[in-house]
Amino acid sequence: DLLMLLRPRVDSSVLIKWRGLDYSHASWEAWEDVRTLRGARQAWRRCAALCARPPRRAPNDETRGRQISRPFAPVSEAGLELPAGRSVRSYQLDGVNWLLACWHSGRSSILADEMGLGKTCQVLLTLQWLARHRQMDGPCLVVAPVSTLTHWQREVLAWTGLSCVVLHGPAEARRACLRHECKHTDARGKSTGRLRFQILLLAYDTLGLEMGTLGALRWQYLVVDEAHRLKNPQTKLVHALRSLRCAHTTLLTGTPVQNDVTELLGLMSFLDPVAF
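Everything in this summary refers to the structure shown in the same document.

Attention now goes to the overall build of the chain. When helices and strands are counted, the chain shows twelve helices and eleven strands. Looking at the chain as a whole, 48% of its 276 residues are labelled buried. In the chain, the proportion of contacts linking residues at least 24 apart, taken out of those at least 6 apart, comes to 68%. With an accessible surface of roughly 13,900 Å², the chain has 53% of that area assigned to carbon and sulfur atoms.

Here it is as structure tokens:
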């Protein structure tokens, strides 16, 4: 049926990640046999664009300093370069500009709003703008409830042109995902020494299971969805997130600012334990 991932090989075969199946079921197939399947052309274009991306070195403090030091002015809706047929409400544009202002000031943030008002698209448009205009090309990590991973993946495809991978499933599937998605190759199939994805989506539980790999990476942007789960600083989730090397963090939530000042203080302490 639909193809989600393609990787070319010199013998004209492609590695296919099949929609609805995890990475442990990925298979090499002859391109001539699968090119007429529904979604094959779109998947090929995505793969070709990914292989053509110029390699960049892993970000360091000097790189981030140059990114942040560039002047920032509020972005208009036209400046967001939205996909065809997409638009944002005025408060969503305000949210994107606020997130961008926080990033330029080097201050992590909490985006709090009711469910269904577009926190996801605001964050994704922020990441898209930073990738296009500040060369913040990732990697970005999104940690969310397992029930929302499909929603996040769908929204990434709808709002951005960023490459996105979902790390989920049994150990074999996760190993296959990391093996295929962490190694970026050029059009000739040679490794460029960089990550294949720009956004990695995973569930809270998966974070603890894959800390060996995730902890070794330097993340440009961390997003935590339903961040009220961080209200207790003694949980394993908080310790795991604190151990990651993240240049910038945004927490998404709707409840602590309404219900409990202590919970809100817990989130502020997570972002800046010195000030709070």
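There's more to say after this.
Let us now look at the environment of H104. Here H104 lies in helix α4 (residues 90-104). Residue H104 is classed as buried on the basis of its relative accessible area, which comes to 10%. With 32 residues separating them in the primary sequence, H104 and F72 have C-alpha atoms 7.2 Å apart. A polar atom in the side chain of H104 sits 3.0 Å from the side chain of R134.

The next thing to look at is the nonpolar core. Within the largest apolar cluster, 35 residues are counted, with the highest numbers of intra-cluster contacts made by L80, L127, W152, I199 and Y221. If one sorts the elements of this core by residue count, helix α5 (residues 119-133) sits on top with eight residues. If near-sequence neighbours (up to four positions away) are discounted, Y221 is found in contact with W103, T126, L127, L130, M136, P139, C140, L141, H248 and T250. Counting residues in each nonpolar core, the second largest holds 30 residues, with Y23, V238, L251 and F270 among its members.

A few words now on the pairing of strand β5 (residues 140-144). Most of β5 is tucked away, with five of its five residues classed as buried. Alternating positions in β5 separate into two faces, C140, V142 and A144 on one and L141 and V143 on the other, with burial throughout.

Across the interface, α5 lies against helix α6 (residues 149-159) with an axial gap of 10 Å and an inter-helix angle of 50°. Accordingly, the angle class assigned to the pair α5 and α6 is oblique. When you trace α5 past α6, the crossing you get is right-handed. On α6, the residues that touch T120, C121, L124, L125 and Q128 of α5 are H151, W152, E155, V156 and W159. Counted by class, the contact of α5 with α6 contains six nonpolar, three polar and one charged residues.

With that settled, the discussion passes to the pattern of salt bridges. Taken as a whole and assessed by the stated rule, the structure comprises five salt bridges. Across the salt bridge formed by R132 and E81, the nearest N and O atoms sit 3.6 Å from each other. Residue R132 is found in helix α5, and its partner E81 is found in the loop between α3 (61-69) and α4; the two are separated by 51 residues along the sequence.

This part is about the side chain of T249. Relative to the helices and strands, T249 resides in strand β11 (residues 249-253). Taking relative accessible area as the criterion, T249 reaches 9% and is therefore assigned buried.

Compared with the 21 Å implied by 1.5 Å per residue over 15 residues, the 21 Å span of α5 between its first and last C-alpha is a close match. Most of α5 sits inside the fold, with 13 of its 15 residues counted as buried. Backbone geometry just after α5 places Q135 at a positive phi near 55°.

The next thing to look at is the packing of α4 against α5. With their axes 9 Å apart at the nearest point, α4 and α5 run at an angle of 50° to one another. Accordingly, the angle class assigned to the pair α4 and α5 is oblique. With respect to the hand of their crossing, α4 and α5 are arranged in right-handed fashion. On α5, the residues that touch Y91, Q92, G95, V96, L99, L100, W103 and H104 of α4 are C121, Q122, V123, L125, T126, W129 and L130.

Parameters and conventions
Residues numbered from 1 in each chain as written. Predicted model: local features only at pLDDT ≥ 70, side-chain atom pairs only at ≥ 80, totals over all residues. Heavy atoms only, no water. Helix = DSSP H or I, 4+ residues; strand = E, 2+ residues; numbered from the N terminus. Buried < 20%, exposed > 50% of the residue type's maximum accessible area, 1.4 Å probe, protein only. Contact = heavy atoms within 4.5 Å. Areas by Shrake-Rupley, 256 points an atom, 1.4 Å probe, with all protein chains shown as cover. Polar contact = N/O pair within 3.5 Å; in protein donor to acceptor, adjacent residues only side chain to side chain. Core = buried A, V, L, I, M, F, W, Y, C linked by side-chain atoms within 4.5 Å. Axes fitted to C-alpha atoms, helices over the stretch in contact; angles between N-to-C directions. Parallel < 35°, antiparallel > 145°, perpendicular 65-115°, else oblique. Left-handed = near helix turned anticlockwise from the far one by under 90°. Nonpolar A, V, L, I, M, F, W, Y, C, P; charged D, E, K, R; others polar. Salt bridge = Lys/Arg side-chain N within 4 Å of Asp/Glu carboxyl O. Expected span 1.5 Å × (residues − 1).

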